[in-house]
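Listed here are the chains, written in short residue letters.
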Amino acid sequence: MRIDQHPILGTYDKGTPVKFTFDGKELEGYSGESIAAALKAAGIMIHRYTNKNHKPRGVFCAIGRCTDCVMIVNGEPNVRTCITPLEAGMDVKTQYGVQDRDNSSWAKEVAQ
């Protein structure tokens, strides 16, 4: 199921299919749709794990107000993926606290 209307980004014509990576895996979405929409269409619902209790989080508000959908995009942590348009070649990673899995001391335990 693909999200085709968004309260902030509006509606969009499906752009060109683009490839991006998620945690090292190549995925495909459409240019202009939100990163979160492309991930949801690929069946990915967990975007980050909380720092304190290591709880999984994903899209909640989908309008950029909460921080449940933040991920590391092109090396930058805390990017709100629900309002960030997808572009070709983006490198998207699950966020563990404010880091990626490779740099987090507890992320390997959570991911198993």
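Let us look at the structure shown here. These numbers come from a predicted model, not from an experiment.

Moving on: the pairing of strand β8 (residues 76-80). As paired strands, strand β7 (residues 70-73) and β8 are joined by three bridges and run antiparallel to one another. Pairing of Val73 across the sheet is with Glu76, part of β8. Taken together, β7 and the strand that follows it, β8, pair antiparallel across an intervening segment of two residues, in which Asn74 is found at a positive phi of about 50°.

Quick look at the sheet that holds strand β5 (residues 48-49) now. Across the sheet, which stays open at both edges, the three strands sit in the order β6-β5-β10 with mixed pairing between neighbours. The sheet is open, and its two edges are formed by β6 (56-57) and β10 (95-96), each paired on a single side. With two bridges joining them, β5 and β6 adopt antiparallel strand pairing. Across the sheet, Tyr49 pairs through a bridge with Pro56, a residue of β6.

For Ile72, the position within the fold is in strand β7. We classify Ile72 as buried; its relative accessible area is 7%. Along the primary structure Ile72 and Phe22 are separated by 50 residues, whereas in three dimensions their C-alpha atoms are 9.8 Å apart. Those residues within four positions of Ile72 in sequence are excluded, and the remaining contacts are Pro77, Asp91, Val92, Lys93, Thr94, Gln95, Gln99 and Asp100.

Tallied over the full model, the rule gives three salt bridges. Between Glu28 and Lys19 there is a salt bridge whose closest N-O contact spans 3.3 Å. Residue Asp68 pairs with Arg48 through a salt bridge whose shortest N-O separation is 3.2 Å. With Asp68 in the loop between β6 and β7 and Arg48 in strand β5, this pair connects stretches of sequence that are 20 residues apart. Note on Arg48: relative accessible area 12%, which makes it buried. Overlapping salt bridges bring together Arg48, Arg57 and Asp68 as one network.

This next bit is on the sheet that holds β8. In space, the five strands of this open sheet follow the order β4-β3-β9-β7-β8, with mixed pairing throughout. The two strands at the open ends of the sheet, each matched to only one other strand, are β4 (25-30) and β8. Strand-to-strand twist in this sheet, taken as the mean axis angle between neighbours without regard to direction, amounts to 40°.

The rules behind the values
Residues numbered from 1 in each chain as written. Predicted model: local features only at pLDDT ≥ 70, side-chain atom pairs only at ≥ 80, totals over all residues. Heavy atoms only, no water. Pairing = 2+ DSSP bridges. Helix = DSSP H or I, 4+ residues; strand = E, 2+ residues; numbered from the N terminus. Buried < 20%, exposed > 50% of the residue type's maximum accessible area, 1.4 Å probe, protein only. Contact = heavy atoms within 4.5 Å. Salt bridge = Lys/Arg side-chain N within 4 Å of Asp/Glu carboxyl O. Axes fitted to C-alpha atoms, helices over the stretch in contact; angles between N-to-C directions.

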